[in-house]
Amino acid sequence: MNRPICLIFDCDGTLVDSEGLCNLGLQIELQRYGIEENLAELAQRFRGRKLTDICSALSLQHGLHLDENFIHSYRRTVDLLFDEHLQAIPGVIEVLQQLDLPMCVASAGPQQKIRKALSLTGLSKFFGEHIFSSYDISSWKPEPDLFLHAARQMGFSPADCVVIEDSKVGIQAAIAADMQACWFGDAGQVATYPQVPRFSSMNELPFLLSNLQIYS
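A brief structural summary. (Residues numbered from 1 in each chain as written. Predicted model: local features only at pLDDT ≥ 70, side-chain atom pairs only at ≥ 80, totals over all residues. Heavy atoms only, no water.)

1. Brief notes about the side chain of His 149
Relative to the helices and strands, His 149 is located in helix H8 (residues 145-154). Beyond its immediate sequence surroundings of up to four residues, His 149 is in contact with Phe 132 and Ile 137. (Helix = DSSP H or I, 4+ residues; strand = E, 2+ residues; numbered from the N terminus. Contact = heavy atoms within 4.5 Å.)

So this is what it looks like as structure tokens:
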């Protein structure tokens, strides 16, 4: 290791396989209004986005007012889906066991949701209290504030942080924060930011970090 490095992980879709469950919850709640939405299209449009912005976009699209009652009902539905189906991203536990680096989680979700997701999947032990939420600082990706907040709390400069993300808005936030980013997801996707290394399996992460000359 050339210098001290802090890894900042997104949660949904990066540590836990929750994106499909969150979109399923959204689909279920919209069906109560007689609206049918395709899960793949929801994922493509709204991955990593702030929930209130998602509701605003859907309200405008369908001529509805998806208010706080909708959000509360949605969160209850997702909570139940998590209890029944949530799993860690394949390989992530083994990889986290290998990485002898300071690590934290920085997610757009509320603290309660993040902590429950990590607990259900056996990931809490890797992060302890180093969990940071957009709701803590009222700032959401693609703004850089959450990652900068996480870096300050962890005692690292932005240049010494590496963000592990699965969403375009998360990558944008990392770039805006002047941090190195690694983009986790389907390798077949068009690389919007070609300067950002991409990987499609968590097992590739230690090798990727080694190639970046920040971990060995």
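2. Some points on the pairing of strand S5 (residues 180-184)
For a regular strand, side-chain orientation follows a simple rule: the groups alternate between the two sheet faces. Among the five residues that make up S5, four are buried, leaving the element largely enclosed by the rest of the structure. Following the chain from strand S4 (residues 161-165) across helix H9 (residues 168-176) to the adjacent parallel S5, one finds a crossover that is right-handed. The pairing of S5 with strand S6 (residues 198-199) spans two bridges and is parallel. What sits directly across from Phe 184, in S6, is Phe 199. (Buried < 20%, exposed > 50% of the residue type's maximum accessible area, 1.4 Å probe, protein only. Right-handed = clockwise from strand over helix to strand, strands pointing away. Pairing = 2+ DSSP bridges.)

3. Notes on the packing of aromatic side chains
Tallied over the full model, the rule gives five aromatic pairs. Between the aromatic rings of Phe 9 and Phe 127, the centroid separation amounts to 6.0 Å while the plane-to-plane angle is 70 degrees, which identifies the pairing as edge-to-face. Here Phe 127 lies in the loop between helix H6 (111-120) and strand S3 (131-133) and Phe 9 lies in strand S1 (residues 6-9), a separation of 118 residues in the sequence. The pair formed by Phe 9 and Phe 127 is uniform in burial state, with each residue classed as buried. For the ring pair Tyr 135 and Trp 140, a centre distance of 4.9 Å and an interplane angle of 85 degrees mean the geometry is edge-to-face. We note Lys 50 situated over the ring of Trp 140; from NZ or CZ to the ring centre the distance is 4.1 Å. When the ring centre of Trp 183 is taken as reference, the NZ or CZ atom of Arg 198 above it lies at 3.9 Å. (Phe/Tyr/Trp six-rings, centres within 6.5 Å; stacked < 30°, edge-to-face > 60°. Lys NZ or Arg CZ within 6 Å of the ring centre and 35° of its normal.)

4. Digging into the pattern of salt bridges
Taken as a whole and judged by the stated rule, the model has nine salt bridges. A salt bridge links Asp 10 to Lys 141; the shortest N-O distance between them is 3.1 Å. Here Asp 10 is found in the loop between S1 and helix H1 (19-31), whereas its partner Lys 141 is found in the loop between helix H7 (134-137) and H8, with 131 residues between them in sequence. Judged by relative accessible area, Asp 10 falls into the buried class, the value being 6%. A salt bridge links Arg 32 to Glu 29; the shortest N-O distance between them is 3.0 Å. (Salt bridge = Lys/Arg side-chain N within 4 Å of Asp/Glu carboxyl O.)

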